[in-house]
Amino acid sequence: MSTAPISATLVQSERDAVLQAIATIKEKLPFLIDLSNEERKALPKMGDKSRAFVSKALEVATQNPEFLPRSFDLNEMRKDVQLFEALYPVLLSLSQLQELLDDTSLAVGSEAYAAALQVYNYAKASGQGAGLDGVVEEMGQRFARKSRKSKPQAAAL
């Protein structure tokens, strides 16, 4: 895996504009909900195969409403299908953006961490006597291993 180093900045005004754009998206979608993990697991999922099934079911229901019970709300089903289809390209676009943000954040974080390791190693190697002992020791805490407590041994009978 070879990636080009990232050399970029995000000034406060640009960051604020991006955050405002996200706020605008949330504002334009006031019906969004937040499901718990349990609720999410309990719901049937509509993937690519199910989209065709749902579309066909809506077509059948629209053309043959007489076999549906009176309690079935065909207009609500139509609205749900239309909303799903309208949200789908937005979801794809935001998923792609999320992946780009994740990958960029991972790469730039990795670059920063690699540089920090170099600084630490240089400071360890040549910082003695330069007043860096305390800082090197503090930075070294990042690598300190927790001591394992020995298990209490059972008393011999």
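Residues numbered from 1 in each chain as written. Predicted model: local features only at pLDDT ≥ 70, side-chain atom pairs only at ≥ 80, totals over all residues. Heavy atoms only, no water.

### Things to note about the packing of helix 3 (residues 48–63) against helix 4 (residues 74–126)
Alright, step 1. Where helix 3 contacts helix 4, the two axes come as close as 11 Å, and the packing angle between them is 145 degrees. Crossing hand, helix 3 versus helix 4: left-handed. Here helix 3 contributes Asp48, Arg51, Val54, Ala57, Leu58, Ala61 and Thr62 to the contact with helix 4, which in turn contributes Leu74, Met77, Arg78, Val81, Phe84, Glu85 and Tyr88. (Axes fitted to C-alpha atoms, helices over the stretch in contact; angles between N-to-C directions. Helix = DSSP H or I, 4+ residues; strand = E, 2+ residues; numbered from the N terminus. Left-handed = near helix turned anticlockwise from the far one by under 90°. Contact = heavy atoms within 4.5 Å.)

### Thoughts on the pattern of salt bridges
Two side chains bearing opposite charge may form a pair once their charged atoms approach each other closely.
Alright, step 1. For the coordinates displayed, the defined rule picks out 2 salt bridges.
Alright, step 2. Notably, a salt bridge pairs Glu85 with Arg51, separated by 2.5 Å at the nearest N-O pair. Placement of the pair is Glu85 in helix 4 and Arg51 in helix 3, with a sequence separation of 34 residues.
Alright, step 3. Overall, Glu85 belongs to the partly exposed group, its relative accessible area being 34%.
Alright, step 4. Lys79 is paired through a salt bridge with Glu76; the nearest N and O atoms lie 3.9 Å apart. Note that Lys79 and Glu76 are positioned in helix 4 at a spacing of 3 residues, about one turn of the helix.
Alright, step 5. Owing to a relative accessible area of 32%, Glu76 belongs among the partly exposed residues under this scheme. (Salt bridge = Lys/Arg side-chain N within 4 Å of Asp/Glu carboxyl O. Buried < 20%, exposed > 50% of the residue type's maximum accessible area, 1.4 Å probe, protein only.)

### A short note on helix 4
Alright, step 1. With 53 residues, helix 4 extends 76 Å from end C-alpha to end C-alpha; this agrees with the ideal 78 Å at 1.5 Å per step.
Alright, step 2. Approximately 30 degrees is the largest bend angle found in helix 4, and it occurs at Tyr88, with the proline Pro89 only one to four residues beyond.
Alright, step 3. Taken together, the buried positions of helix 4 are Leu74, Met77, Val81, Tyr120 and Ala123.
Alright, step 4. Buried-residue contacts for helix 4 involve helix 3 and helix 5 (133–140). (Expected span 1.5 Å × (residues − 1). Bend = angle between axes of the 7 residues up to and from the residue.)

### Quick notes on a nonpolar patch on the surface
Alright, step 1. Where nonpolar side chains cluster on the molecular surface, the patch consists of Ile25, Val90, Leu94, Leu97 and Leu101 and spans about 400 Å² of accessible area.
Alright, step 2. Assignment of secondary structure puts Leu101 in helix 4. (Patch = residues over 30% accessible without salt bridge, like charges linked within 9 Å, V, L, I, M, F, W, Y side chains within 5 Å. Areas by Shrake-Rupley, 256 points an atom, 1.4 Å probe, with all protein chains shown as cover.)

### Focus on the environment of Gln12
Alright, step 1. Examined against the element boundaries, Gln12 turns out to sit in helix 1 (residues 12–28).
Alright, step 2. Judged by relative accessible area, which is 46%, Gln12 ranks as partly exposed.
Alright, step 3. A polar side-chain atom of Gln12 sits 2.8 Å from a polar atom in the side chain of Asp16. (Polar contact = N/O pair within 3.5 Å; in protein donor to acceptor, adjacent residues only side chain to side chain.)

### Digging into the packing of helix 4 against helix 5
Alright, step 1. Two elements in contact, helix 4 and helix 5, have axes whose closest approach is 10 Å; the angle formed by their N-to-C orientations is 135 degrees. Relative to helix 5, helix 4 is oriented oblique. Crossing handedness for the pair helix 4 and helix 5: left-handed. In contact with Ala116, Tyr120, Ala123 and Lys124 of helix 4, helix 5 contributes Val136, Met139 and Gly140.
Alright, step 2. Among the residues making up the contact of helix 4 with helix 5, the classes are represented as 5 nonpolar, 1 polar and 1 charged. (Parallel < 35°, antiparallel > 145°, perpendicular 65-115°, else oblique. Nonpolar A, V, L, I, M, F, W, Y, C, P; charged D, E, K, R; others polar.)

Keep in mind these numbers describe shape, not what the thing actually does.
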